[in-house]
Amino acid sequence: MNESSYRIQGNTGEWEVVIGLEVHAQISSQSKLFSCAATEFGQEPNSQVSLVDAAMPGMLPVVNRECVRQAVRTGMAINAQINKWSRFDRKNYFYADLPQGYQISQLYHPIVGEGSIDVTMNEKDPDSATRAIGIERIHIEQDAGKLMHDQHPTMSYVDLNRSGVALMEIVSRPDMRSPAEAGAYVKKLRSILRYVGSCDGNMEQGSMRADVNVSVRKPGGELGTRTETKNVNSIRFLMQTIEYEAQRQVDVIEDGGVIVQETRLFDAAKGETRSMRSKEDAHDYRYFPDPDLLPLELDDAFLDECKASLPELPDAKRARYERELGLSAYNAAVLTAEHETAEWFEEFLRANATAQGKSEADVAKQAANWLMSELTGVLNKLGKPLEESPVNQSQGAELLALVADGTISGSIAKQVFEIMLETGKAAAEIVEEKGLKQTSDTGAIEAEIAKIIAANPDKVADYKGGKDKLFGFFVGQTMKAMQGKANPQIINDLLKKALD
Amino acid sequence: MSNLTDLGVSAIRNGVLSGEFSAVEVAAAFNAKIVKAKALNTFIVETPDMAITAAQAVDDARSSGKPLGKMAGVPIGMKDLFCTEGVQTTAASHILEGFVPTYESTVSANLWKAGAGMLGKLNMDQFAMGSSNETSYFGNVISPWRQGNDPAPLAPGGSSGGSSSAVAARLCPAATGTDTGGSIRQPAAFTGITGIKPTYGRCSRWGVVAFASSLDQAGSMAHDVRDCAIMLEAMAGYDPKDATSLDTPVPEWEAGLNSDMRGKRVGIPKEYRMDGTDQDILDSWDKGIAWLKDAGAEIVEISLPHTKYALPAYYIIAPAEASSNLARYDGVRYGLRDLPDGAGLQDMYAATRAAGFGPEVKRRIMIGTYVLSAGFYDAYYTQAQKIRTLIARDFEQAFEKCDVILAPTTPTAAFKLGDKSDDPLAMYLNDVFAVPASLAGLPAISVPAGLNKDGLPLGLQIIGNALDEQGVLNAGLAIEERAGFVARPGEWW
Amino acid sequence: MSIDSETVKKIASLSRIAISDAETTAMVGELNGILKWVEQLSEVDVSGVEPMASVIAKKSLLRDDVVNADPNTGGNVRDKVLANAPAKEGSFFGVPKVIE
Ligand SMILES: [Mg+2]
Ligand SMILES: [Zn+2]
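Below is a summary of the structure that appears in this document. By convention here, each chain's residues receive numbers from 1 onward along its written sequence. Each chain takes a letter, starting from A, and each ligand takes a number, starting from 1, following the order in which they are written. The predicted nature of this model means local features are confined to residues of pLDDT at least 70 and side-chain atom pairs, given and counted, to a pLDDT of 80 or more, with totals for whole chains, interfaces and linings taken over all residues. Excluding hydrogens and water, the side-chain values take into account all heavy atoms of the structure.

**Re the pairing of strand E10 (residues 166–172) of chain A**
All names here are of chain A.
Moving on, step 1. Three exposure classes are used, based on accessible area relative to the maximum for each residue type with a 1.4 Å probe and protein chains only: buried under 20%, partly exposed in between, and exposed over 50%. For the purposes of this entry, the term helix denotes a DSSP run of H or I that reaches at least four residues, the term strand denotes a run of E that reaches at least two, and both are numbered from the N terminus. Of all the seven residues making up E10, seven are buried; the element is thus mostly covered by neighbouring parts of the structure.
Moving on, step 2. Side chains of E10 alternate between two faces, with Ala166, Met168, Ile170 and Ser172 and Leu167, Glu169 and Val171 buried alike.
Moving on, step 3. Two strands make a pair as long as DSSP finds a minimum of two bridges between them. Summarising the sheet, strand E2 (residues 13–26) and E10 pair through five bridges and their orientation is antiparallel. By the bridge assignment for E10, Gln26 is matched with Leu167.
Moving on, step 4. Of the strand pairs in this sheet, strand E7 (residues 130–142) and E10 are connected by seven bridges, and their pairing is antiparallel. For Glu141, the partnering residue across the bridge sits in E10 and is Leu167.

**As for the pattern of salt bridges**
Where charged atoms from two side chains of opposite charge come close, those side chains can pair.
Moving on, step 1. The rule for a salt bridge is simple: a side-chain nitrogen of Lys or Arg has to be within 4 Å of a carboxyl oxygen of Asp or Glu. Counted under the stated rule, the structure contains 61 salt bridges over all chains.
Moving on, step 2. With a shortest N-O distance of 2.6 Å, Lys317(A) and Glu346(A) are connected by a salt bridge. Here Lys317(A) is found in helix H5 (residues 314–325), whereas its partner Glu346(A) is found in helix H7 (residues 339–356), with 29 residues between them in sequence.
Moving on, step 3. Measuring nitrogen to oxygen at the nearest pair gives 3.2 Å for the salt bridge that ties Lys451(A) to Glu448(A). With Lys451(A) and Glu448(A) both in helix H12 (residues 442–455) and three residues apart, the pair spans about one turn of that helix.
Moving on, step 4. Residues participating in the shared-partner salt-bridge network are Arg90(A), Asp290(A), Asp292(A), Arg205(B) and Asp242(B).

**What about the environment of Lys9(C)?**
All names here are of chain C.
Moving on, step 1. Structurally, Lys9 can be placed in helix H1 (residues 5–14).
Moving on, step 2. Measuring from C-alpha to C-alpha, the distance between Lys9 and Gly33 comes to 17 Å, with 24 residues separating the pair along the chain.
Moving on, step 3. Not counting chain neighbours up to four residues away, the residues in contact with Lys9 comprise Asp21 and Thr24. The contact criterion used throughout is that any non-hydrogen atoms of two residues lie within 4.5 Å.

**Concerning the interface of chain C and chain B**
Moving on, step 1. Facing the 52 residues of chain C at the interface are 69 residues of chain B.
Moving on, step 2. When two components associate, each loses some accessible surface as probed by a 1.4 Å sphere; the sum of these losses over both components is called the buried area. Of the roughly 5,000 Å² buried where chain C meets chain B, counting both sides, 72% is carbon and sulfur surface.
Moving on, step 3. The interface formed by chain C and chain B holds three salt bridges in total.
Moving on, step 4. Between Glu23(C) and Lys362(B) there is a salt bridge; the shortest N-O distance is 3.9 Å.
Moving on, step 5. Think of a polar contact as two N or O atoms within 3.5 Å of one another; within protein, one of them needs to be a possible hydrogen donor and the other a possible acceptor, and neighboring residues in sequence only count if both atoms come from side chains. At the boundary of chain C with chain B, the tally comes to 18 residue pairs in polar contact (both at pLDDT 80 or more).
Moving on, step 6. Among the elements of the structure, H1, helix H2 (21–38), helix H3 (78–82) and strand E2 (92–96) of chain C are those that each provide at least two residues to the side of chain C that touches chain B.
Moving on, step 7. When residues in the side of chain C that touches chain B are grouped by element, the largest group, nine residues, is from H2(C).
Moving on, step 8. Classes in brief: Ala, Val, Leu, Ile, Met, Phe, Trp, Tyr, Cys and Pro nonpolar; Asp, Glu, Lys and Arg charged; the others, Gly included, polar. Residues of the side of chain C that touches chain B, tallied by class, amount to 33 nonpolar, nine polar and 10 charged.

**Points about the sheet that holds strand E1 (residues 88–89) of chain C**
Moving on, step 1. One open sheet accounts for four strands, arranged E8(A)-E9(A)-E2(C)-E1(C); its pairing is antiparallel. Each edge of the open sheet carries a strand with a single partner, namely strand E8 (146–148) of chain A together with E1 of chain C.
Moving on, step 2. In the sheet, strand E9 (residues 155–159) of chain A pairs with E2(C) via four bridges, with the strands oriented antiparallel. Paired with Val158(A) across the bridge in E2(C) is Phe93(C).

**A closer look at helix H6 (residues 329–337) of chain A**
All names here are of chain A.
Moving on, step 1. Most of H6 is tucked away, with seven of its nine residues classed as buried.
Moving on, step 2. Within the sequence span of H6, burial applies to Asn331, Ala332, Ala333, Val334, Leu335, Thr336 and Ala337.
Moving on, step 3. Tucked into the core, H6 has its buried residues touching helix H2 (179–196), H5, H7 and helix H8 (360–382).

**Description of the coordination of the magnesium ion (ligand 1)**
Ideal geometry at a metal centre gives angles of 109.5 degrees when four donors are arranged tetrahedrally and 90 or 180 degrees when six donors are arranged octahedrally.
All names here are of chain A.
Moving on, step 1. For the magnesium ion (ligand 1), the full set of protein donor atoms is Glu22 (OE), Asp211 (OD) and Glu228 (OE), and the range of their distances to it is 2.1 to 2.5 Å.
Moving on, step 2. We call an atom a donor if it is N, O or S and sits within 2.8 Å of the metal, or 3.2 Å for Na, K and Ca. Water is not counted, so some sites may look partial. Spacing between the donor residues of the magnesium ion (ligand 1) along the chain follows E-x188-D-x16-E.
Moving on, step 3. A separation of 4.8 Å is found between the magnesium ion (ligand 1) and the zinc ion (ligand 2). Of the two residues, Asp211 is situated in strand E11 (residues 208–217) and Glu228 in strand E12 (residues 227–232); the sequence distance between them amounts to 17 residues.
Moving on, step 4. For Asp211, a relative accessible area of 1% corresponds to the buried category.
Moving on, step 5. Judged by relative accessible area, which is 13%, Glu228 ranks as buried.

Here it is as structure tokens:
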């Protein structure tokens, strides 16, 4: 999509929306950033809290190597600058979900610097434009606890299970210009994080949430004042937030008001954003280097391991599928969009190559087409993801091999597949039992042809009179008489002999 | 049998080991003495039973032929800054009154492992902020020393004033202290005892209520250098729970004690000859120089050009860190909660902290908040940290010319309680000689050098290079042997 | 830079310490005295000097990612965590209701 296409129509003319995102992604680690309490989701309140996470007197933070490693690998995945020297700072403020009275974060020297992500507006549509969205920085910080307001009339309850869980804050440039673009950016970012394995990208469980910075301006004009809507936890809400907030800002400005830089909250029920009362008072975070922690110095061995352990990333994979496997841009895009899909497909590819004794490139198209039509159709009906496919890679490959070597026709393959799903039996076994093998027994076919010719003297006459189209009718009748098991080529040859 | 409470760490350890007396006898003797010394207000909590239990364990171990630890049978006082499992830990504050840790600080745990027992939790300046022990919520600690027969109470120094007073009054043979800007050395000097602050990172800070993280360091306070060495050996050691803990083995300091200073160069920093320093102090410094010469040392003049900036830099850095470290005292998870009618969360914080912190703590939190606040951070905090770099550099260059540095511990002897309590700056100046080593994270000891004309103890300070506690202890021992300090306060209480 | 009672009130509020007018007045004098005294630091030429990053030069040690590797800093200690809570509500800490 081109930058200027999304516009808000105000009374004073068109408005452009400027969007920047701060995505908080929970780093996949067993234990917390600064303590060895578990990070597992949905446990008993305050059961996964160490004395460190509860900020008991005299408790000290010790950095979890895996969290540093995953942040570095993520930085490498977006071709960002990795800072071999970084440092943790304290962000000081008082809130009930923040036991220490400060959040340990990285303001002055983040671990990851400038990078960028190529975002295709619609990965299903290879022709849709691709834009590079700038990443300003990625820093590591600790998550806060959780407050519950609905448990008691006059009290809020504090659960510190999340307190101290490691987050990456991925800060984009204000490079996005539409809700759709912001949505596509988050989808792509999530895909990369999952490929890298640094975050499960599970927005429902809050493993990924975005602070949405929105401002409006006359196209190409001066940047307007932005608002930051906190903790938006789904792509749909993200897009709603931007639509609502942009419209609200335009309305305010056109009514002669001014936008105040403030923190807002998205109300999913109402589909609106509203000012956050608890964050009203002007903050002065008094950042300073955390004296409990030494600067983080990364050596080459560490960085080399991070680099070496990176998987092939979606863009590279997509290009390779087109280049080396000869897949269509569309198929390549769909198969690489999610790490799980690509992994399943590649296993499937190996299985087909083995089953047919051919190279992966030679079986790729057949495998991709079957996966995306037949298998996907079934999975959609069952409402299951590919990883839970009732038919595994080798079973699927066995079926396709039978088609490839002419044992069964494509149409029979569909029947066989359905029986496989019902009975869980192997393709060959089904073909055997149900006698679905294509026959090349010319005698049998000739016999049927003779009957059909005898039964349709008029059509035969018309055909001979020049109605060539009728040939298809005879093929169809013959195939029907053979219950679809006859080799189409042989039917053609025999019919020609019999009719001409 | 000699009076057990007159004995120090090594004498008690050796006596218990040889069977001359039992650990339980020792613990009982000190318990009895503590009961009679309430007037000094040295303890916030007394734990006589714990002392006996630990002692009994040592006696049992000995009778069953088990090997005994470095501190076997030695009952000690524990500064109330160290979290002790099951025993109230308050940092002498109201906000932590009634707080009973469910965990044991690494340093205290190390001591118990070494066979020491706990006589009680020692009073101190609130959150270790003070130099006279007048900021404790539990009342002032009184020094056992008196100026002649003037009954006016004297300051035991601070913040480890309960520790210094208790050791000087022989209520315990040794005590833990913590030193952020002189809090072990200055009270040791005021009360005629020995106290050492090791290199930053030698003793784990895990479980020690934080004042200023980049400065806080635990150390030992006792009657002499040997006792301090023994106890420090038991306290120190790498702790993976403290990211700033030094991952290096603890030397056998006691075994390494040697007062022969031949071949050693002792640096005399000319910048420490400040006006406002008592003549008595300057005289004792000259004596110290003579003693170390006599021990074979070569005396060299050195320069620490940024000395005068150390104290102001300290009073930016320490409060800044404290303002953040003390933010956790908010009435939510432990300690005092003051919830006025209809108060919201933020009102509760403000009320709780107003009621829970003493004036000096509030003052430092507010200075720290101010110097870190928007627009002032660079002018104050960054500038101070740069000057801290220069101060550390001064020492590095000095240690190219000398092995240890000799200086006074304090500019004056102990003063009367109340003398400086209404003038923060005058109070801060007490630590002018102590703070530079703290900012540079260097090991430093204070040993008694004699009495001033009013009969009050004076201390001499030895500052060593990073990790050279041995050099510090040895020079301290050379002074101790020559000073022949035997003076003791009369037991007027 | 000299501070007035407004500034002191602002600092007190940032520090979450309730302060009376009398305390404010006293604090203005004390803080100004201390701040005036630390001003002398500005006379030091620190050009080219890095702020101290760590007291004793040593490499930062990183922890292995092992759950409850050390019971002292691990989880599953809810009773210990809640033991000293001034307002314990079941398995939670209670605070005055917060409106977000
Ligand atoms: Mg944000
Ligand atoms: Zn953040």
